[in-house]
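Notes for the structure review
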Amino acid sequence: MIINFKGAKTYIGTGGKSLDNTKKTLCFLHGSGQNHLSFIQQARFFAYKGYSVIAPDMPGHGFSDGNPCKSIKENADWISDLLVKLKLKNVVVIGHSQGCLVALELNRILKSTLEALIFVAGSNEIPVNKFLLDLSKENPQKASQMMVTWGHGIDGDMSINKWPGHSHYGEGNNIMSMNKSTALRYDLHSCDDYSDGIDAAKNIKVPALAVLAKNDQMTPLKSGLKFVELIKNCETHTLDCGHFLPSERPMELNSIINSFLLKLK
Amino acid sequence: MSENYKFDTLSLHAGHIPDKETGSRAVPIYQTTSYVFNSTEEAASLYNMEVGGHLYTRISNPTVAALEQRLAALEGGASALACSSGMAAMHLVISAICSSGDHIVASSKMYGANINLLQHTMPRFGVNTDFVNPNDPEAIKKAIKPNTKLVFGEVIGNPGLDIMDVPEIAKICNSKNIPLVLDATFNTPYLMQPFKHGANIIVHSLTKWLGGHGIAIGGAVVNGGNFNWGDKDKFPTISGPHFALGGISFWEEFGPSALIAKIRAEGMYNFGPSLSPTNAFHLMQGIETLPLRMKKHIENTHSILDFLVKHEMVEWVKHPDLDTHPDHEVAKRILPKGSGSIVAFGIKGGREAGKAFIESVQLASHLANVGDAKTLLIHPGSTTHSHLSSEAMKEGGLTDDMIRLSVGLEDINDIKKDFERGFKAVKKLNK
Ligand SMILES: Cc1ncc(COP(=O)(O)O)c(C=O)c1O
């Protein structure tokens, strides 16, 4: 759906169902240079399971206008305000990559609204190498292509896809090129600059789930495993794939999330 | 990981990794119509396109999917869909995008069935086409109307071998927000990858060089994922509500793969031109050697061009790699590896000479196909167009002395010897 939010056209994926704010809401937060299409196979799946789903395109991403946020905190404030505007309560926040850092900040600012946190291919920190930071300014398209190739496990190279006929690389590159040309740069800098993750992770009081990827070259498994140690009682799973876990292992991921959600009150 | 495998490697591997249970190195033929659901929920999730997977072979099949993913990788596209023939692929694209009242701009020099579909069949459904010269970008620009929904042409035209200036035409389409749909059958991704030149959608007849052995009919739509379908008024079938899935917008739900999602949900579901798993296997087997074959096709073509140009019995020779071809410069620019292995030539002595030549050669096969590993010939004047006068043939851009040659992979000296046999028969006739 499209709404006017903070003076800008804002797109919110709802998984093909209309939003019902009386239900439990799953809020999917995309990663750097991505948009709601990172969660094609999660948004529709959980919307059809009866959850209320929002997968917003952050400002300057996907179908949303506006200027990309310049820090993780700014991203979190934007989401927090959006939840208020949409009158959503009982929210489970599901972040992928950068979305996990935003989720950590949301844990600090959302009070009773937040029911649980799910981290997909996440960590408490996402340092970005200088080469990629520079390239995202000089040639964002090239930087996107490099992320798409690094980001996928062997399924990317071999054009293996659970969705018949789809190519992770071809689709991934085009999803990233839908965004404003500044989006990737601001996102990567936001990740690189974020340093409050350890405290934020230790502060988590709601139930938490982490699904990590064995061959993650963007947020390495080692970093993810250290991260989950900081969280009290974080249910953790590791899948055999690359960073783009939502499209590489959709069924496994959905099944883990589904079981976790069923355990919540 | 992240090896970014090259074309030759992808031709062999893309779309398949041996499974852990059987270790089958070759892509298995999943000769099945349907797939057991683990639960009612799983069944529902497949029907609702919540997640990817197989539910019925008319819509998708694991062997066919391996072929589709190989094609997507070779073309650098977002997604692909394989179907029963090249013609089915073309119709799937047109019916997914156009509705009654819409308009198409198409090349005037294309394969007969492509022309027929647009000129005679689609108007019955309210979709009209203006045909323009494919090598005249300005004419294409002028023909675009407010209700034009796509521009269509063949990169290398069949049988006239006109070359479209793809980057120029793509610029025009892009500025008018209209998808450029190209039939890339004659070039295959080995000779040229249209998405790199700005095209948006590719249709293939896999029957030809991609399959390469004349054993299976098949087609494919490859979707670049690089077109913005967001204009709901202009492209309501892609970005407007879809009747059968709760009114969703394919563009919003599936983004770069919206077109393929639409074709699967509507074209495959409601018209059903599915490719058999066994044919998908045969076609994939062909693709494994595509780079090797195309290289040899081009080598042999250049050798036979040389032979024909110098031959006393040959009136004229047409191929874009010859500097006498009107599109030679465009061909050099966009098809630097060569412009395919179809050659047209005129034989001294007209219609009767063509007939005598065809009937005397032994190695080259006289038949109505192109892109086989074997050398193929046809003389339109005494076969497909025998009912037409010389004048009527000229109007269609053909002459009655014309032979269409699809150069194969034989030892080229054997083919030359075979042609000498044909020329000898013509000489006898001329005496
Ligand atoms: C350029 C071109 N496109 C499409 C087709 C149709 O392909 P099929 O026979 O696979 O339907 C052909 C067949 O000759 C062709 O030459």
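Residues numbered from 1 in each chain as written. Chains lettered and ligands numbered in written order. Predicted model: local features only at pLDDT ≥ 70, side-chain atom pairs only at ≥ 80, totals over all residues. Heavy atoms only, no water.

**So, the site of the ligand**
Residue and element names in this part refer to chain B. Around the ligand lies a shell of 14 residues, among which Gly86, Asp183, Ser205, Thr207 and Lys208 are the nearest. Between the ligand and Gly86, the relevant distance is 2.8 Å, taken from an oxygen atom to a main-chain nitrogen or oxygen of the residue. Within the contact set of the ligand, an oxygen atom lies 2.9 Å away from a side-chain nitrogen or oxygen of Asn158. Burial of the ligand by the protein chains amounts to 90% of its free accessible area of 390 Å². When its residues are assigned to classes, the shell around the ligand shows three nonpolar, eight polar and three charged. (Near = heavy atom within 4 Å. Polar contact = N/O pair within 3.5 Å; in protein donor to acceptor, adjacent residues only side chain to side chain. Areas by Shrake-Rupley, 256 points an atom, 1.4 Å probe, with all protein chains shown as cover. Nonpolar A, V, L, I, M, F, W, Y, C, P; charged D, E, K, R; others polar.)

**Observations concerning the pattern of salt bridges**
All names here are of chain A. Under the defined criterion, the tally for this structure stands at 27 salt bridges over all chains. With a shortest N-O distance of 2.5 Å, Glu115 and Lys24 are connected by a salt bridge. One end of the pair, Glu115, is in strand 6 (residues 114–120); the other, Lys24, is in the loop between strand 2 (8–13) and strand 3 (25–29), and 91 residues separate them in sequence. For Asp196, the salt bridge identified is with Lys73, shortest N-O distance 2.6 Å. With Asp196 in the loop between helix 8 (183–193) and helix 9 (197–202) and Lys73 in helix 2 (residues 72–85), this pair connects stretches of sequence that are 123 residues apart. Classification of Asp196 as partly exposed rests on a relative accessible area of 25%. Overall, Lys73 belongs to the partly exposed group, its relative accessible area being 38%. Overlapping salt bridges, with partners in common, bring together Lys73, Glu105, Arg108 and Asp196 in one network. (Salt bridge = Lys/Arg side-chain N within 4 Å of Asp/Glu carboxyl O. Helix = DSSP H or I, 4+ residues; strand = E, 2+ residues; numbered from the N terminus. Buried < 20%, exposed > 50% of the residue type's maximum accessible area, 1.4 Å probe, protein only.)

**Some remarks on the side chain of Ser107 of chain B**
All names here are of chain B. As for its placement among the helices and strands, Ser107 is situated in strand 2 (residues 103–107). On the basis of relative accessible area, Ser107 is assigned to the buried category, the value being 3%. Within polar-contact distance, the side chain of Ser107 engages the backbone nitrogen of Lys109 at 3.0 Å. Aside from chain neighbours lying at most four places away, what touches Ser107 is Ile115, Phe131, Val132, Pro134, Phe152 and Gly153. (Contact = heavy atoms within 4.5 Å.)

**Concerning the sheet that holds strand 5 (residues 91–96) of chain A**
Residues and elements named next belong to chain A. Pairing is mixed across the open sheet formed by eight strands, whose spatial order is 1-2-4-3-5-6-7-8. Edge positions in the open sheet fall to strand 1 (2–5) and strand 8 (234–239), since each of these has one partner strand only. Each strand axis lies, on average, 25 degrees off the axis of its neighbour in the sheet, ignoring direction. Bridging between strand 7 (residues 208–213) and strand 8 involves six bridges; their strand directions are parallel. Note on strand 8: the bridge partner recorded for Ala213 is Leu239. Here helix 10 (residues 221–230) sits on the sheet in contact with strand 6, strand 7 and strand 8, set at roughly 165 degrees to strand 7. (Pairing = 2+ DSSP bridges. Axes fitted to C-alpha atoms, helices over the stretch in contact; angles between N-to-C directions.)

**Here's the deal with the packing of helix 4 (residues 130–138) of chain A against helix 8 of chain A**
Residue and element names in this part refer to chain A. Packing of helix 4 against helix 8 brings their axes to within 8 Å, and their N-to-C directions diverge by 155 degrees. Judged on the interaxial angle alone, helix 8 and helix 4 are roughly antiparallel. Viewed along their axes, helix 4 and helix 8 form a crossing whose handedness is left-handed. Only Leu184, Arg185, Leu188, His189 and Asp192 of helix 8 make contact with helix 4, whose side of the interface consists of Leu132, Leu133, Ser136 and Lys137. (Parallel < 35°, antiparallel > 145°, perpendicular 65-115°, else oblique. Left-handed = near helix turned anticlockwise from the far one by under 90°.)

**Quick look at the packing of aromatic side chains**
Applying the stated criterion to the full structure yields 19 aromatic pairs over all chains. A ring pair is formed by Tyr11 of chain A and Phe63 of chain A, whose centres lie 5.1 Å apart and whose planes are at 90 degrees; its orientation type is edge-to-face. In this pair, Tyr11 of chain A sits in strand 2 while Phe63 of chain A sits in the loop between strand 4 (52–56) and helix 2, placing the two residues 52 residues apart along the sequence. With relative accessibility at 14%, the residue Phe63 of chain A sits in the buried group. Summarising the aromatic geometry, the rings of Phe345 of chain B and Phe357 of chain B are spaced 5.9 Å apart at their centres and angled 90 degrees between planes, so their arrangement reads as edge-to-face. Here Phe345 of chain B is found in strand 9 (residues 342–347), whereas its partner Phe357 of chain B is found in helix 15 (residues 350–360), with twelve residues between them in sequence. Considered together, Phe345 of chain B and Phe357 of chain B belong to a single accessibility category, that of buried residues. These aromatic residues form a ring-pair network of at least three members: Phe28, Phe39, Phe45, Phe46 and Tyr51 of chain A. When the ring centre of Tyr48 of chain A is taken as reference, the NZ or CZ atom of Lys17 of chain A above it lies at 4.2 Å. (Phe/Tyr/Trp six-rings, centres within 6.5 Å; stacked < 30°, edge-to-face > 60°. Lys NZ or Arg CZ within 6 Å of the ring centre and 35° of its normal.)

**Quick notes on the sheet that holds strand 5 (residues 180–183) of chain B**
All names here are of chain B. If you walk across this open sheet you meet the seven strands as 1-7-6-5-4-2-3, and the pairing is mixed. Two strands bound the open sheet, and with one partner strand each, they are strand 1 (79–83) and strand 3 (128–132). Each neighbouring strand pair of the sheet contributes to a mean axis angle of 20 degrees, computed without reference to strand direction. Examined bridge by bridge, strand 1 and strand 7 (residues 219–223) share five bridges and lie antiparallel to one another. Paired with Ala80 across the two strands is Val222, which belongs to strand 7. Relative to the sheet, helix 4 (residues 86–97) contacts strand 1, strand 2, strand 4 (148–154), strand 5, strand 6 (201–205) and strand 7, its axis offset from that of strand 6 by approximately 155 degrees. In this fold helix 11 (residues 258–271) packs onto strand 1, strand 6 and strand 7, with an angle of close to 25 degrees to the strand it touches most, strand 1.

**A short note on the nonpolar core**
Residues and elements named next belong to chain B. The biggest cluster of nonpolar side chains holds 60 residues, and the ones touching the most others in it are Leu67, Leu71, Val151, Val166 and Leu180. With seven residues, helix 3 (residues 62–75) is the largest single contributor of residues to this core. Viewed by domain, this core spans two of them, domain 1 (7–286) and domain 2 (291–430), each represented by three or more residues. Filtering out sequence-adjacent residues up to four positions away, Leu180 remains in contact with Val151, Val166, Ile169, Ala170, Cys173, Ala199, Asn200 and Ile201. (Core = buried A, V, L, I, M, F, W, Y, C linked by side-chain atoms within 4.5 Å. Domains from an automatic or database assignment.)

**Section: helix 2 (residues 40–47) of chain B**
Restricting attention to buried positions, one finds in helix 2 of chain B the residues Glu42, Ala43, Ser45 and Leu46 of chain B. The arc enclosing the buried residues of helix 2 of chain B, seen along the axis, measures out at 165 degrees, which places them on a common side. Those residues of helix 2 of chain B that are buried are in contact with helix 1 (40–48) and helix 12 (250–263) of chain A. Met49 of chain B sits one or two residues past helix 2 of chain B and shows a positive phi near 55 degrees. (Arc of directions from axis to C-beta.)

**Examining the domain arrangement of chain B**
Often, the extent of an interface is quoted as the loss of accessible area on bringing the components together. Residue and element names in this part refer to chain B. On domain assignment, one finds that chain B holds domain 1 (7–286) and domain 2 (291–430). On a C-alpha basis, the centres of domain 1 and domain 2 stand 30 Å from each other. Approximately 2,500 Å² of surface area, both sides summed, lies buried where domain 1 meets domain 2, with 64% of it carried by carbon and sulfur atoms. Of the charged contacts in the structure, one is a salt bridge between Asp165 and Arg333, with a shortest N-O distance of 2.9 Å. At the surface where domain 1 touches domain 2, the tally comes to twelve residue pairs in polar contact (both at pLDDT 80 or more). (Buried area = accessible area lost by both parts, 1.4 Å probe.)

**Concerning the environment of Leu180 of chain B**
When you line up the elements, Leu180 of chain B lands in strand 5. When the C-alpha positions of Leu180 of chain B and Lys232 of chain B are compared, they lie 18 Å apart, and in sequence the two are 52 residues distant.

**Points about the environment of Gly350 of chain B**
All names here are of chain B. Note on placement: Gly350 falls in helix 15. Between the C-alpha atoms of Gly350 and Ser390, which are 40 residues apart in sequence, the distance is 9.6 Å. Those residues within four positions of Gly350 in sequence are excluded, and the remaining contacts are Asp400 and Asp401.

**Some words on the interface of chain A and chain B**
Chain A puts 39 residues into the contact, and the matching count from chain B is 44 residues. Carbon and sulfur atoms make up 58% of the surface buried where chain A meets chain B, a total of about 3,400 Å² over both sides. Between chain A and chain B we count two salt bridges in total. The salt bridge involving Glu253 of chain B is made with Arg44 of chain A; its shortest N-O contact spans 2.9 Å. Taken together, the connections running from chain A to chain B amount to 16 residue pairs in polar contact (both at pLDDT 80 or more).

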